[in-house]
Amino acid sequence: MSAQDIADRAGLSVTLVRRVLRTPMQSTTARDIARASADAILGIPLPARRSPGAPGLTDSAEASRLPADLARAGWPATTLAQRLGVNARTIAEVRGKRLRLHLDLALRIRRLHRDLISLDPAGYGIHPADIARTRATHRGGFGGRPGGSAPLVTAVEGGAMP
């Protein structure tokens, strides 16, 4: 939980919560915290560790890799977005290495990856042309060209290649 989440749930200012959360440098003296503030903070129920409704932000390193894996398997971003209940642009931003991500979305992406990675998209109504286009686009073909085809090279006089 972030300091803002704690402050919202405890009904305290975020500044007060941040002061309480700061660790004392070399001081061994106890802080003077009002009993009402301490009770408000300690009375907050902790969310379940893997609860999908968990508040807060998390690092997006893993979450940005998982939709890319699904794209290489042929799952289009629009399908992933529909199944996650988000906009397709959100999937593109997550793949594009957005630095921080809501914990709720990161957990839903992980669950979706686990459910879809071993399945064939064609068996779930995805058109074969869409599957091929998605796979080609996310394989990192030649020079970033979809389909991975190399440019045409023509011979010059004398048979030498340019």
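Worth saying up front: this structure is predicted, and the values here are computed from it rather than measured. (Residues numbered from 1 in each chain as written. Predicted model: local features only at pLDDT ≥ 70, side-chain atom pairs only at ≥ 80, totals over all residues. Heavy atoms only, no water.)

**Student:** Hey, could you run me through the packing of helix α1 (residues 3-10) against helix α2 (residues 14-21) in this one?
**Tutor:** Helix-helix packing is described using two parameters, namely the angle between the two axes and the distance between the axes. It is the contact of α1 with α2, at a shortest axis distance of 8 Å, that shows an interaxial angle of 120 degrees. The orientation of α1 relative to α2 falls into the category oblique. By crossing handedness, the relation of α1 to α2 is classed as right-handed. Taking contact as the criterion, the partners of Ala3, Gln4, Ile6 and Ala7 in α1 are, on α2, Val14, Val17, Arg18 and Leu21. Tallied by class, the residues present in the contact of α1 with α2 amount to 6 nonpolar, 1 polar and 1 charged. (Axes fitted to C-alpha atoms, helices over the stretch in contact; angles between N-to-C directions. Helix = DSSP H or I, 4+ residues; strand = E, 2+ residues; numbered from the N terminus. Parallel < 35°, antiparallel > 145°, perpendicular 65-115°, else oblique. Left-handed = near helix turned anticlockwise from the far one by under 90°. Contact = heavy atoms within 4.5 Å. Nonpolar A, V, L, I, M, F, W, Y, C, P; charged D, E, K, R; others polar.)

**Student:** What is the right way to look at the pattern of salt bridges in this model?
**Tutor:** Side chains that differ in charge, positive against negative, can pair when their charged atoms come close. Following the criterion strictly, the structure yields 6 salt bridges and no others. Its salt-bridge partner being Arg108, residue Asp104 comes within 3.7 Å of it at the nearest N-O pair. Of this pair, Asp104 and Arg108 both sit in helix α7 (residues 103-116), 4 residues apart, which is roughly one turn of the helix. Given the relative accessible area of 24%, Arg108 is considered partly exposed. As a salt-bridge pair, Asp130 and Arg133 come within 2.8 Å of each other at their nearest N and O atoms. Highlighted residues: Asp130 and Arg133, both in helix α8 (residues 128-138), separated by 3 residues, approximately one helical turn. Look at the salt bridges and you will find they share partners, linking Arg65, Asp69 and Arg72 into a network. (Salt bridge = Lys/Arg side-chain N within 4 Å of Asp/Glu carboxyl O. Buried < 20%, exposed > 50% of the residue type's maximum accessible area, 1.4 Å probe, protein only.)

So, to be careful, I would describe these as geometric facts and stop short of saying anything about function.
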